[in-house]
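Overview (structure and organization)
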Amino acid sequence: MRNTRFLISLGITVLLIFLLNNSWQLGGSRIPPLGKFLDPFHGFWQNIEPKGFTGPTELKIAGLKDKVTVIYDSLLIPHIFASNDEDLYLAQGYVTAIHRLWQMEFQTHASAGRLSEILGEGPNGRILDIDRSSRRLGLGFGATHGLEAMQKDPTTRMVAEKYTEGINQYIATLEYKSLPLEYKLLDYVPENWTPLKCALLLKKMAQTLNIGDKDIEMTNALKLFGKETLDLLYPDRELSIDPIVDNPGGWKFNPIKFDTVPAALLDELIAIKKLPNPDPTIGSNNWAVGGSKTATGSPILCGDPHLNLTLPSIWFAVQLNAPGVNVMGASLPGAPGITIGFNDSIAWSVTNAQRDLTDWFKITFQDSQKNKYKLDDQWMDTKKIVEEIKVRGKESFYDTVIYTHWGPVTYDESFGGENELKNYSFRWISHDESEELLALHKLNRANNHAEYMEALNHYGSPAQNFVFASVSGDIAMRIQGKYPVRRKDEGKFVLDGSKRSNGWQAYIPNEQNVTYKNPERGFVSSANQYPADSTYPYYVTSTNFEVYRNRRINQVLRESSNISVKDMAKLQGDNFNLKAFECVPILLFYIDDEEALKDSVKNFLNTVKAWDYFNTETSEGASYFEAWWTELMPMIWDEMNDSKVALERPTSYTTIKLLKEKPDLSFFDIQSTPEKETAKEIVHKSLSLAVAKISKWKKDHQTDNVAWAEYKDSYISHLLPPLRPLSINVKHGGNGSIVNAHSQTNGPSWRMIVSLEKTGVKSWAVYPGGQSGNPGSYYYGNMVDRWVADQHYRLMFIHTPEEAGNQALYSTQLNPNSK
């Protein structure tokens, strides 16, 4: 009996040890090894870091040539001082990995199509499909070419290798106890970093910003509606005023010209389920004001890139100091150098350039084997790449991706083709070799406008509007990227992939890209609007161009003088809703006979009429307008929503214009009703739905106050959606088409203001998160409250470690170690 009890106890003990020391899949979630995870000496408890970060005062890194000093300020921003560039980037890699390793690796896994390795295939194979999409879009293909460009240049090869070496030295110090929390939750360990991962990270950013297209939707719209209606619904230029650069007749060069226009595929509809475009509310603002308009007589530069707001935060602030460089700003964790920032002489920031840099080509294969495809009346060999996608808890999934002259065949009968056996090859500018790392390396060290221009000559993708200001007094804007020369309407439709002539024949020379220096108006600005006035000689198209934020920014800057940093901070947080200002009067015009309306409708309308058009946190009018608009848009464009083929709604600006100018437009007729609706009827019907929506919201939330911040319900999400408890809910004003472009999940990811004074550059910044990627750290989200309040932190920008004085949170030294 005693032996039996012993054996039973032993069996239970062994079983518990086995269960508690292994990870298990439960439903759609992975349960970490609870024994290890809950261990007070090694588990998640060890990831708790209080305010007043204390760390080791001395770290030894192999390969350093000399001592490196790292000063942390009160925001946990590291200021890295080195005696040479090699040590500088080795230290940057090491320090960045301390705070952001999991984020860096997770994002590069996403870019490489490797999420299934750590997350499994996901519900209904969703994560596996994301991996297949990444590979079929050619992110790894483009990253490989990007790496080749890095390795060709000795400077960027050194930078990438040293940065990589620093990350790997930090990884080598880790044990289970010191692993970032997410590794413990998901039960895996980091792999070594490589320079390819730096390239993958840059391609991931390019995917976010410059992979949008409308070729398939426009091809379908052309087939269904005809050219005249297509031009009415989807004009290339919605608004001719306030382009980024307004320089009529000032383009003093001979442009490259072509005579022929590639034909669209007019004989078919494409019922393919297209991969999603980037969120149209993702944009950015930047501007620079010359000294003639500022209180100090020195230029002020401002920038706030708008992206999906996530935790860990998108950006990692850092200062880099070595002989020949003293630069500070926002870096991308996983990429060396500073992406947006300033040095002792200049400052720069970026917004997305909104250019069409992708094309889709219909491929004609010789037979079902797809070993050959037609190109200029010849059968060319395809290249087949077998992608092994490792799937956690299952056997690997193998996906054969076919490459043609144009690029990868993204859609076929095995993926996204809705079993229609259609084959489309994807051409993307980010598939090409590019020198972004070299451009940023030079920009970090630039001292004047000429050096800024030379640095940007190396920048190809993703296309960006680079604003510039200098201590010497110059301000400038350059819309830089590698742009194909397009014939009229080229890029708007799916093309015939059997003819080389349908492809890109040339690229706009750098010196013919749109640029502007010291304009008479005293400022430059961009907010993702159309790049240039109508005299710019190249055809420009995109998925959409911004038309509201840019006009509001320019209005304020035109009317302002004696501008201070405080004024610029106020403009970055400006909540004026220009879209609503232009739309509401049109909607109200169609509401007649108000005496016959129900009280609930009258109250709704009175709230809208009393609104001052500012989307402040407490505004009710902002909530009511948003409810009305979100009911109106799908009702107008039900043809697009209900179509069996891929179509795209016209933009808000075009919709408002059509409501005003063409009230009898056939698209205002609701397809599911027998009546013939016009603009008037559809405005009334959407109003009734909006009133009901607001009423339901009040009931659900048990309140009569529909404050905008509550209605918008914004949050900053952890990179892993299932980890919602690690997200942060915020109450903030703004919205997507407003200067303070904070919608529910997108917004200003980094707000920076730089005053370029001759007595010393001064800078302010804030972002929605914190320097630490560790949810157990005080510095995970410590900046959020200031960001919500539209307030900035004054940045500590120093020239020697000694200058930090009592501003330093703590200091650490990285000492040479040959071992």
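Reading the values: rules and limits
Residues numbered from 1 in each chain as written. Predicted model: local features only at pLDDT ≥ 70, side-chain atom pairs only at ≥ 80, totals over all residues. Heavy atoms only, no water. Helix = DSSP H or I, 4+ residues; strand = E, 2+ residues; numbered from the N terminus. Buried < 20%, exposed > 50% of the residue type's maximum accessible area, 1.4 Å probe, protein only. Contact = heavy atoms within 4.5 Å. Areas by Shrake-Rupley, 256 points an atom, 1.4 Å probe, with all protein chains shown as cover. Axes fitted to C-alpha atoms, helices over the stretch in contact; angles between N-to-C directions. Parallel < 35°, antiparallel > 145°, perpendicular 65-115°, else oblique. Left-handed = near helix turned anticlockwise from the far one by under 90°. Expected span 1.5 Å × (residues − 1). Salt bridge = Lys/Arg side-chain N within 4 Å of Asp/Glu carboxyl O. Pairing = 2+ DSSP bridges. 1 Å grid on protein atoms, 1.4 Å probe; cavity = no way out; pocket = protein on both sides within 12 Å on 5 of 7 lines; lining within 4 Å. Points joined across faces, edges and corners; volume = space filled by probe spheres on them. Nonpolar A, V, L, I, M, F, W, Y, C, P; charged D, E, K, R; others polar. pLDDT = per-residue confidence, 0-100.

Helix and strand counts for the protein chain come out as 23 helices and 31 strands. Relative to its 819 residues, the protein chain shows a buried fraction of 60%. Once local pairs closer than 6 in sequence are excluded, the contacts in the protein chain between residues at least 24 apart make up 72%. Per element, the accessible surface of the protein chain, about 32,900 Å² overall, is 52% carbon and sulfur.

Our next topic: the packing of helix α6 (residues 139-152) against helix α9 (residues 195-210). Packing of α6 against α9 leaves a shortest axis separation of 8 Å and a crossing angle of 125°. Considering their axes alone, α6 and α9 lie oblique with respect to each other. Considering the relative orientation of α6 and α9, their crossing is right-handed. Where α6 approaches α9, its residues Leu139, Gly140, Gly142, Ala143, Thr144, Leu147 and Met150 are matched on the opposing element by Pro195, Leu196, Cys198, Ala199, Leu200, Leu202, Lys203, Lys204 and Gln207.

Locating Val565 in the fold gives a position in helix α15 (residues 565-572). In sequence terms Val565 and Ser763 are 198 residues apart; their C-alpha atoms lie 9.3 Å from each other.

Between its first and last C-alpha atoms helix α17 (residues 599-610) spans 16 Å; for 12 residues at 1.5 Å apiece the expected length is 16 Å, and the two agree. Among the structural elements, α16 (578-589), α18 (621-636) and α21 (679-701) are those in contact with the buried residues of α17.

Before going further, it helps to spend a moment on the environment of Thr156. Along the chain, the position of Thr156 falls in helix α7 (residues 154-172). Residue classification places Thr156 among the buried residues on the basis of a relative accessible area of 3%. Distance from Thr156 to Glu436, taken between C-alpha atoms, is 9.6 Å for residues 280 residues apart in sequence. Beyond its immediate chain neighbours, meaning those up to four positions away, Thr156 contacts Ala149, Met150, Leu437 and Leu438.

Take the pattern of salt bridges next. Across all of its chains, the model carries 41 salt bridges by this definition. With its nearest N and O atoms 3.0 Å apart, the salt bridge here joins Asp432 to Arg427. Here the two residues Asp432 and Arg427 agree in accessibility, since each one is buried. Among the ionic pairs, Asp790 bridges to Arg751, the shortest N-O distance being 2.9 Å. Separated by 39 residues along the polypeptide, Asp790 in the loop between α23 (784-788) and β30 (793-794) and Arg751 in strand β28 (residues 751-755) bring together distant segments of the chain. What makes Asp790 partly exposed here is its relative accessible area of 21%. You can call Arg751 buried: its relative accessible area is 1%. One salt-bridge network, held together by shared partners, links Lys227, Asp231, Asp236, Lys488, Asp489 and Lys492.

This next bit is on the sheet that holds strand β19 (residues 424-428). Pairing is mixed across the open sheet formed by 4 strands, whose spatial order is β18-β19-β13-β22. Each edge of the open sheet carries a strand with a single partner, namely β18 (409-411) and β22 (495-496). Pairing between strand β13 (residues 358-362) and β22: 2 bridges, direction parallel. Bridge pairing in β22 places Phe361 opposite Leu495.

Cis geometry is adopted by the peptide bond preceding Pro312, which originates at Leu311 and carries an omega value of -5°. At the junction of Ser461 and Pro462, the peptide bond is cis and its omega measures out at 0° in the coordinates. Relative to the helices and strands, Pro462 is located in the loop between α13 (449-456) and β20 (464-470). Its identity as a non-glycine residue notwithstanding, Asp489 has a phi of 75°, on the positive side. Here Asp489 is to be found in the loop between β21 (475-480) and β22. Of the residues examined, Asp489 reaches a relative accessible area of 14% and is grouped as buried. For Gln702, which is not glycine, the phi dihedral falls at a positive 55°. Inspection of the secondary structure puts Gln702 in the loop between α21 and α22 (708-712).

Backbone hydrogen bonds hold the strands of a sheet together, and the pairing may be parallel or antiparallel. A sheet is described by the order of its strands in space; here 3 strands give the open sequence β8-β25-β26, paired in mixed fashion. Unpaired on one side and paired on the other, β8 (310-311) and β26 (728-730) mark the two borders of the sheet.

A complete count under the given rule lists 9 cavities of 30 Å³ or more for this structure. If you trace the largest cavity, you find 25 residues lining it, with Met205, Leu209, Thr339, Tyr459 and Pro462 closest to the centre. Looking at the lining of the largest cavity, the elements with two or more residues in it are α9, β7 (300-308), β12 (346-352), α12 (436-445) and β20. Here the lining of the largest cavity is built from residues that sort into 16 nonpolar, 7 polar and 2 charged.

Taking burial as the measure, the 11 residues of helix α10 (residues 215-225) include 8 buried ones, the bulk of the element. Asp215, Ile216, Glu217, Met218, Thr219, Asn220, Ala221 and Leu222 are the residues of α10 that are buried. Positioned one or two residues after α10, Gly226 has a phi angle of 90°, which is positive.

A few words now on the confidence of the model for the protein chain. For the protein chain, mean pLDDT is 90; residues scoring 70 or higher make up 89% of the total. Here residues 9-20 scores under 50 on pLDDT; set against residues more than four positions off or in separate chains, the count is 6 contacts.

Further remarks concern the pairing of β21. Taking burial as the measure, the 6 residues of β21 include 6 buried ones, the bulk of the element. Of the two faces of β21, both are covered, the one formed by Ile475, Met477 and Ile479 as well as the one formed by Ala476, Arg478 and Gln480. Examined bridge by bridge, β20 and β21 share 6 bridges and lie antiparallel to one another. Its bridge partner being in β21, Phe468 is matched across the sheet by Ala476. Once β20 ends, the chain turns through 4 residues before running back antiparallel as β21, passing Gly473 with a positive phi of about 110°. Here β21 runs beside strand β23 (residues 515-517); their pairing, made up of 3 bridges, is antiparallel. For Arg478, the partnering residue across the bridge sits in β23 and is Thr515.

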